[in-house]
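Each chain is listed here by its residues.
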Amino acid sequence: MRAWTYDAAGPASEVMREITMDLPAPGPGEVLVETRVSAINPTDVKRRITGRELVLFKSIIPNNDGAGVIVAESQGVSPARVGERVWLFGAQAGRPQGTAAQYIALPSTQAITLPDKASFTDG
């Protein structure tokens, strides 16, 4: 899958790079979401500019928020969630993988049902 990542602090134009990596596998209580929209907010920018989490992780796929479709579930998650449209929050909080990727595995509690009338951009 394709993802955007950084391994040094600084402006996006200087530190962000596109990579190809293996599809993440959802762990217990997690879902795998095909990302349709990745949102950048002020917290994401501050994290990248200061590099404050690079002491914890070798590289980071940024962005906490987004929207997409659940494509797989793991132990402890209902199989009925597969195919569900969801909005995502806190995706990169305390972990190195955010929504700036084609797919993200994250706790199912952070993948909230997106109403049928809402677009992925709304999510």
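In the block above lies the structure referred to throughout.
A few points on the structure. Note that the structure is a prediction, hence the values are computed from the model and not measured.

## Quick word on the environment of W4
Thinking step 1. Positionally, W4 belongs in strand β1 (residues 2-5).
Thinking step 2. With 88 residues separating them in the primary sequence, W4 and Q92 have C-alpha atoms 13 Å apart.
Thinking step 3. Residues within four places of W4 in sequence aside, it is in contact with M16, R17, E18, I60, I61, P62 and A100.

## Some thoughts on the packing of aromatic side chains
The geometry of two aromatic rings is summed up by the distance between their centres and the angle between their planes.
Thinking step 1. Summed over the entire model, instances satisfying the criterion amount to one aromatic pair.
Thinking step 2. Ring geometry for W87 against F89: centres 5.8 Å apart, planes inclined by 45°, an arrangement best described as tilted.
Thinking step 3. Assessed through its relative accessible area of 31%, W87 is described here as partly exposed.
Thinking step 4. When its relative accessible area of 34% is taken as the criterion, F89 is described as partly exposed.
Thinking step 5. The ring of F120 has R85 sitting right over it, with the charged end atom 4.7 Å from the ring centre.

## What about the pairing of strand β3 (residues 30-39)?
Thinking step 1. Relative to strand β6 (residues 103-107), β3 runs antiparallel, the two sharing five bridges. Following the sheet pairing, L32 is matched in β6 by A105.
Thinking step 2. By the bridge criterion, eight bridges tie β3 to strand β4 (residues 65-73) in an arrangement that is antiparallel. Among the inter-strand pairings, S38 is bridged to a residue of β4, identified as G66.

## Observations concerning the environment of I49
Thinking step 1. As for its placement among the helices and strands, I49 is situated in helix α2 (residues 42-50).
Thinking step 2. Separated by 48 residues in the primary sequence, I49 and M1 have C-alpha atoms spaced 25 Å apart.
Thinking step 3. Dropping the residues within four chain positions of it, I49 is found in contact with A9 and G10.

## So, the pattern of salt bridges
Thinking step 1. Under the counting rule described, the total for this entry stands at six salt bridges.
Thinking step 2. The residue E18 makes a salt bridge to R2 at a minimum N-O spacing of 2.5 Å. Pair noted here: E18 is in strand β2 (residues 17-20) and R2 is in strand β1, with a separation of 16 residues, a long-range link.
Thinking step 3. Taking relative accessible area as the criterion, R2 reaches 47% and is therefore assigned partly exposed.
Thinking step 4. Here E53 makes a salt bridge to R47, at a shortest N to O gap of 3.5 Å.
Thinking step 5. Note on R47: relative accessible area 9%, which makes it buried.

## A look at the side chain of Q110
Thinking step 1. Along the chain, Q110 turns up in the loop between β6 and β7 (111-113).
Thinking step 2. Excluding anything up to four places from it in sequence, Q110 contacts W87, L88, F89, G90 and A91.

## Topic: unusual backbone geometry
Thinking step 1. Although it is not a glycine, N63 adopts a positive phi angle of roughly 90°.
Thinking step 2. The residue N63 is located in the loop between α2 and β4 in this model.
Thinking step 3. Given the relative accessible area of 7%, N63 is considered buried.

Cut-offs and rules
- Residues numbered from 1 in each chain as written.
- Predicted model: local features only at pLDDT ≥ 70, side-chain atom pairs only at ≥ 80, totals over all residues.
- Heavy atoms only, no water.
- Helix = DSSP H or I, 4+ residues; strand = E, 2+ residues; numbered from the N terminus.
- Contact = heavy atoms within 4.5 Å.
- Phe/Tyr/Trp six-rings, centres within 6.5 Å; stacked < 30°, edge-to-face > 60°.
- Buried < 20%, exposed > 50% of the residue type's maximum accessible area, 1.4 Å probe, protein only.
- Lys NZ or Arg CZ within 6 Å of the ring centre and 35° of its normal.
- Pairing = 2+ DSSP bridges.
- Salt bridge = Lys/Arg side-chain N within 4 Å of Asp/Glu carboxyl O.

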